[in-house]
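These are the residues of each chain, in order.
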Amino acid sequence: LMKFANLNPSLDAALQTWAAGRPLVKASFYFYYLGTTMQKSLLGLFRSIILALIKSGQDTAIGQSRPSKKDGVVGRGGDPTLQDLERSMEFIKLGFPERYEFLMSSTGTPELFEPSRPELEAALENIIKGSPDTCFFLSIDGLDEYDAGTVDMGQLVEWFKTICKSRNVKSM
């Protein structure tokens, strides 16, 4: 049901009205109990949402069009523009400022890192708070499939209530 709602053009139209011309970014996560650890965990949720936000800089904003190289057809998608890539880099810089600065000053091959839960929570908050002119729509489904105890579930709910107090965030 949530996937259907997310793909419904009426939702996009309503979100465009709310965004009132500002950039709009949608990110979704669906918990899946039978899936991998990341598909049923809070770490998976945060990593997936942050990745969707970062990749959004490489996609056309909802409701906008630009030419695609494929058959010269205009539509959503196409190659990312320099502006798209700059927005992605800005989200990375906002979310992981220390790691970003380290990577930018590093001359060698960057090492992979596994961000911790507090680092992921802070990254998502920093991206949202640091982008007041961007509207964010977050949809989470399958909370009954979230592999967590009562305390973790309560923390997740409280965290989302805090994030959704931002004027540039809506959730479902």
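This write-up is about the structure you can find in this document. (Residues numbered from 1 in each chain as written. Predicted model: local features only at pLDDT ≥ 70, side-chain atom pairs only at ≥ 80, totals over all residues. Heavy atoms only, no water.)

1. Observations regarding the packing of aromatic side chains
Stage number 1. Considering all chains together, one arrives at four aromatic pairs under this definition.
Stage number 2. Here the aromatic rings of phenylalanine 29 and phenylalanine 31 are separated by 4.9 Å at their centres, their planes lie at 85°, and the arrangement is edge-to-face. Both residues of the pair, phenylalanine 29 and phenylalanine 31, count as buried.
Stage number 3. Consider the rings of phenylalanine 91 and phenylalanine 136, whose centres lie 6.0 Å apart with planes at 45°: the pair is tilted. Of this pair, phenylalanine 91 sits in helix α4 (residues 82–95) while phenylalanine 136 is found in strand β4 (residues 135–141), placing the two residues 45 residues apart along the sequence. Here phenylalanine 91 matches phenylalanine 136 in class, with each residue buried.
Stage number 4. Here the aromatic residues Phe46, Trp159 and Phe160 are joined through ring pairs into a cluster of three or more.
Stage number 5. When the ring centre of tyrosine 33 is taken as origin, the NZ or CZ atom of lysine 40, which lies over that ring, is 5.3 Å away. (Phe/Tyr/Trp six-rings, centres within 6.5 Å; stacked < 30°, edge-to-face > 60°. Buried < 20%, exposed > 50% of the residue type's maximum accessible area, 1.4 Å probe, protein only. Helix = DSSP H or I, 4+ residues; strand = E, 2+ residues; numbered from the N terminus. Lys NZ or Arg CZ within 6 Å of the ring centre and 35° of its normal.)

2. Points about the pattern of salt bridges
Stage number 1. Under the counting rule described, the total for this entry stands at six salt bridges.
Stage number 2. Residue lysine 93 is joined to glutamate 90 by a salt bridge in which the shortest nitrogen-to-oxygen separation is 3.9 Å. Separated by three residues within a single helix, lysine 93 and glutamate 90 lie in helix α4, roughly one turn from each other.
Stage number 3. Lysine 93 sits in the partly exposed class, given a relative accessible area of 33%.
Stage number 4. Of the residues examined, glutamate 90 reaches a relative accessible area of 35% and is grouped as partly exposed.
Stage number 5. In this structure, glutamate 158 and lysine 161 form a salt bridge, with 3.2 Å as the shortest nitrogen-oxygen distance. Of the two residues, glutamate 158 and lysine 161 are both situated in helix α7 (residues 150–163); the distance of three residues between them amounts to about one turn of the helix. (Salt bridge = Lys/Arg side-chain N within 4 Å of Asp/Glu carboxyl O.)

3. Concerning helix α2 (residues 9–19)
Stage number 1. Looking at α2, one finds that the buried residues are Leu11, Asp12, Leu15, Trp18 and Ala19. Angularly, the buried residues of α2 cover 120° about the axis, an arc narrow enough to put them on a single face. Away from the buried face of α2 by more than 90 degrees, exposed residues Pro9, Ser10 and Thr17 are located.
Stage number 2. The secondary structure elements touched by the buried residues of α2 are α1 (2–7), β1 (24–30), β4 and β5 (169–171). (Arc of directions from axis to C-beta. Contact = heavy atoms within 4.5 Å.)

4. A short note on the nonpolar core
Stage number 1. One finds Leu45, Ile49, Ile50, Leu53, Leu124, Phe136 and Leu138 to be the most contacted residues of the largest nonpolar core, which totals 27 residues.
Stage number 2. Elements supplying a minimum of two residues to this core: β1, α3 (42–56), α6 (117–129), β4 and α7.
Stage number 3. Considering every element that reaches this core, the biggest residue donor is α3, with seven residues.
Stage number 4. Here phenylalanine 136 is in contact with Trp18, Val25, Leu53, Phe91, Ile127, Ile128, Ser131, Asn168, Val169 and Lys170, once residues within four sequence places are set aside.
Stage number 5. Among the nonpolar cores identified, the runner-up in size contains seven residues, and Leu15, Ala19, Leu24 and Phe137 belong to it. (Core = buried A, V, L, I, M, F, W, Y, C linked by side-chain atoms within 4.5 Å.)

Keep in mind that these numbers describe shape and distance, not what the molecule does.
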